[in-house]
Amino acid sequence: MATVEITNIEKYYGGYHALNDINVDIADGEFVVLVGPSGCGKSTLLQMIAGLETITGGELRIGGDVVNYLPPKQRDIAMVFQNYALYPHMTVGQNMGFSLRIRRDPADEIKAKVERAAKILNLDQLLDRFPRELSGGQRQRVAMGRAIVREPQVFLFDEPLSNLDAKLRLSMRTEIKELHQRLKTTTIYVTHDQDEAMTMADRIVVMNTGVVSQIGAPLDLYDRPANTFVAGFIGSPAMNFMDGTIQGGKFQAANGSSWALPSDAKVTEGQRCTFGVRPEFVEAGGDVAAKVIVTEPTGSETQIVADMGGEHFTCLFNERIAAQPGDTLKIGADPEKCHVFDIETGLRL
Amino acid sequence: MQSEPLDPGLRKPWNFVLLYKYLVLGFVTLLIIAPLITTALGGFKSAADLRTNPFGLPTVWHWNQYTDILLGIDYWRYMGNSMLISAISVFVTLLCSTLAAFTFAHVKFFGKEFIVGYLMVGLLFPVATAILPLFVKVRDMGLLNTYWGVILPTSAFSLGMSILLMRNMFEKLPRELLSAALVDGCGYIRFFWHITLPLSRPILATVGIIAFVASWNQYVLPLILLNSEERYPWPLGIMEYQGEFTTDWHLILAFVTLTVIPAIVVFLATQKYIVAGLTAGAVKG
C-alpha cells in the first residue's frame, strides 16, 4: 500500500499537449476514479503511472519515491486492462501466477498465493481452464486475480468493465468495491462512465481536454460542481443549462424563464451568466412554463423533456405525472439546489 | 438430432456448388499428385521401359533400383548433408527473423522503416544475380567448400520473407499483452520468450517450412560454393547419375522420390500449426 503523488505532470505527443499540469495526491488505501470523456487524457495518465508511457514533465511519486524513470516492473503496481489482456496460451492458474514466476518465487508459494486469490474471486474451479473457455466476467475476474496475487502497492484499472454487458457490469462493480474494502490497496480506476465513478470512488478526478477540471468526493462534485463541464458530466440525466443575465436579484434566462438565485451565488446586477438546474431537482408547480415534448415514465420516476423558449429542458419527477405532449407544465426549483456559472469561463459563481 | 427435410420432393437432386468445388479440387490434386506418382513409378522401371511407357505402370517392377540407392552410402551422405544444411539454415533463419521481426514490431527507433524497407528489397533480389559477388565474399571469408558457406547465404535469402511474415504476426498480437507483461515484470526479452514465441507457433511453422523447402531444394548455391562431393547435398548428388552422353533417368527418378520423403515428413509434423495459423484470430486478448 502506498500514496501516489502526481505533481505538475505534463505529456506532449510531438506538438500535441495531451496532459497539462496535472496535480493529484492520492492517499494510502484510497480509491480514486479518473473520469472524463474520450480523449481527455485519463488513460494516458494511468499509463504514465504504470510506466507504460513516458512522462514529459513533472514528478510522479509512488510510496514517496520518484518513479518517473522506473520501468513498470520496478514500480510495484498491478494493472487490469479493458480487454483483459490475458495470455491466451496459459491456463487461468498460469496467468495468475505468471508475475510471481517471473519474479522467481518458490513454486509452492506461487501455488498458495494463486489458490488464495482464486478463492477470493471464486475462480478455484477454473484454474486449469484457458481464457478462451471463459465468459467475459470470468476473464475479468482472472485479470483481477492476476493483479491481486502480486500484492502490489497500487492497483490500476483501465476501464475494466466497458467490455461487459450492463448487468454484469453492475455486479462486477460491487465485486471490485468489495475487493478494495477487503484489501485496502490504493486503487486508481479509469472510466468514462460517471455512474461507475460516483458509486465506486472515495474521490473523483474529473478530467477534460488534458486538464483536471475538479477533484473531490462524489457528492461534493454533484452538489458543488466547480464549472459547467463537471456540472454537465456528473449526474444523469445531465444538468439543464440556460444562458441569461441577473436582473432584479433573479436570473433572467434568454429563453424567457426567470429563476431565483442560490443564496451563496456571487453575482452582480446585470452580469451575464449560465444557470444550471439538475433535472431531479425540478419541482412541479412553480411559475416557469414549459411545453411537454416527450414523457418517459419508468415506473419509479417520470422523465419529461420539455420545450422552454426553443431549448430542451429535462425534468425528472419522483411522482407519476400524467402530462401529454403539447401540455404546458408549470415548474420551478429550490434555488439552493441550483447553480450559477460565469458565461465566459464556465466557472462557478 | 437429425432434421428431416420437410418435403423430400423439394430437395435439389444435385448440389452443383459442391460438385464444382470437388471438380476443381480434384483437378488441382491431380496436377500435384500426377508428377509425384509418375516419378515414383518411373523409379521402378528399366531405362527402356521408361522411354516407351513413361506414364503407365512398370512392366517389370525393379525394386532393386530403390534398394540399391537405400543400401548405398552416397544416398545417406547426400541426405545427411542436405539435412544438416537445411536444419541449420532453418534454425538460423528462425532465430534471426524472429528477433528482427520482434524488434521491428515492438521497438521504436530512428531509421526503423528504412531498415525494414531495405530488408524488403531483398525479396526482389534474384539469387542468380548475386552469385558472383557472393562467391567472392564467401571465398574471402574462407568459407568456400564448408557447410556454413552455404548455410549463411541460404538463411540470408530467406530472411526478407520471414521477417515480413513474422512482423505482421507480431504486430497483430494485442498491444495490451505487451503492457500486461511489462507490468507483470517482463522486459522485452522475457515478453519475447514467454509470450510472443508461444503465441507465434503457427507462423514459426509456416516460416520454418518455407525456409526448409527452399534450402532443401537449393541447387545453384551449393553448386558454386561446394567443391568436394563429400559435402554435396542431394540435388548435386543427382549428377552422379548423369554421364557425359547418357543420363540414367530411371535411377534419377528413384533417387528424387526418396529425397522428397524428408520434406513430406517435416510438412506433416508442422501441418497442425500451419492449419492453426490459417484459422487463427483466436487470440482475442
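Residues numbered from 1 in each chain as written. Chains lettered and ligands numbered in written order. Predicted model: local features only at pLDDT ≥ 70, side-chain atom pairs only at ≥ 80, totals over all residues. Heavy atoms only, no water.

## Some points on the overall build of chain A
Secondary structure summary: chain A contains 8 helices and 19 strands in total. In terms of overall dimensions, chain A has C-alpha extents of about 75 × 45 × 35 Å along its principal axes. Residue burial in chain A is summarised as follows: out of 349 residues, 52% are buried. Once local pairs closer than 6 in sequence are excluded, the contacts in chain A between residues at least 24 apart make up 65%. As displayed, chain A offers around 15300 Å² of accessible surface, 48% of which is attributable to carbon and sulfur atoms. (Helix = DSSP H or I, 4+ residues; strand = E, 2+ residues; numbered from the N terminus. Buried < 20%, exposed > 50% of the residue type's maximum accessible area, 1.4 Å probe, protein only. Contact = heavy atoms within 4.5 Å. Areas by Shrake-Rupley, 256 points an atom, 1.4 Å probe, with all protein chains shown as cover.)

## Observations regarding the UniProt feature "domain: ABC transporter" (unreviewed entry) in chain A
UniProt feature "domain: ABC transporter" (unreviewed entry): in the numbering of this structure it lies at residues 4-234 of chain A. The straight-line gap between the two end C-alpha atoms of residues 4-234 of chain A is 24 Å; of that span, 36% is helix and 26% is strand. (UniProt positions renumbered as here; feature names shortened; annotations may be inferred.)

## Re the sheet that holds strand S6 (residues 77-80) of chain A
Residue and element names in this part refer to chain A. Sheet architecture is open: 6 strands sit in the order S6-S7-S8-S3-S9-S10, paired in mixed fashion. Each having just a single partner strand, S6 and strand S10 (211-216) make up the two edges of the open sheet. Between one strand axis and the next, the sheet turns by 15° as a mean value, whatever way the strands run. Inspection of the sheet shows S6 paired to strand S7 (residues 154-158) by 4 bridges, in the parallel sense. Directly across from Met79, in S7, lies its bridge partner Leu156. (Pairing = 2+ DSSP bridges. Axes fitted to C-alpha atoms, helices over the stretch in contact; angles between N-to-C directions.)

## Let's talk about the UniProt feature "transmembrane region" (unreviewed entry) in chain B
All names here are of chain B. Following the UniProt record, one finds the feature "transmembrane region" (unreviewed entry) at residues 20-44, 84-107, 114-135, 147-165, 177-197, 203-228 and 249-269. The distance separating the terminal C-alpha atoms of residues 20-44 is 36 Å; by composition the span is 92% helix and 0% strand. Across residues 114-135, helical content stands at 77% and strand content at 0%; the span's end C-alpha atoms are separated by 27 Å.

## Here's the deal with the domain arrangement of chain A
Residues and elements named next belong to chain A. Looking at chain A, the domain boundaries give domain 1 (4-232) and domain 2 (238-342). Here the C-alpha centre of domain 2 lies 38 Å away from the C-alpha centre of domain 1. Each partner contributes residues to the interface: domain 1 has 9 residues there, and domain 2 has 10 residues. Of all residues in domain 1, Tyr222, Thr228 and Ala231 give up the largest surface area on contact with domain 2, accounting jointly for 62% of the area buried on that side. With a closest N to O distance of 3.1 Å, Asp264 and Arg224 form a salt bridge. Going through the elements one at a time, helix H7 (218-223) and helix H8 (228-233) are the ones with two or more residues in the side of domain 1 that touches domain 2. When the residues that make up the side of domain 1 that touches domain 2 are grouped by side-chain class, the tally is 4 nonpolar, 3 polar and 2 charged. (Domains from an automatic or database assignment. Buried area = accessible area lost by both parts, 1.4 Å probe. Salt bridge = Lys/Arg side-chain N within 4 Å of Asp/Glu carboxyl O. Nonpolar A, V, L, I, M, F, W, Y, C, P; charged D, E, K, R; others polar.)

## Examining the interface of chain B and chain A
If you look at the interface, chain B gives 18 residues, while chain A gives 21 residues. A combined buried area of about 1900 Å² lies between chain B and chain A, and 65% of that area is made up of carbon and sulfur atoms. Counting across the chain B and chain A interface gives 2 salt bridges. Its salt-bridge partner being A:Arg150, residue B:Asp184 comes within 3.5 Å of it at the nearest N-O pair. The interface formed by chain B and chain A holds 6 residue pairs in polar contact (both at pLDDT 80 or more) in total. Of all the elements in the fold, those that place two or more residues in the side of chain B that touches chain A are helix H8 (175-183) and helix H9 (188-199) of chain B. With 7 residues, H8(B) is the single largest residue contributor to the side of chain B that touches chain A. (Polar contact = N/O pair within 3.5 Å; in protein donor to acceptor, adjacent residues only side chain to side chain.)

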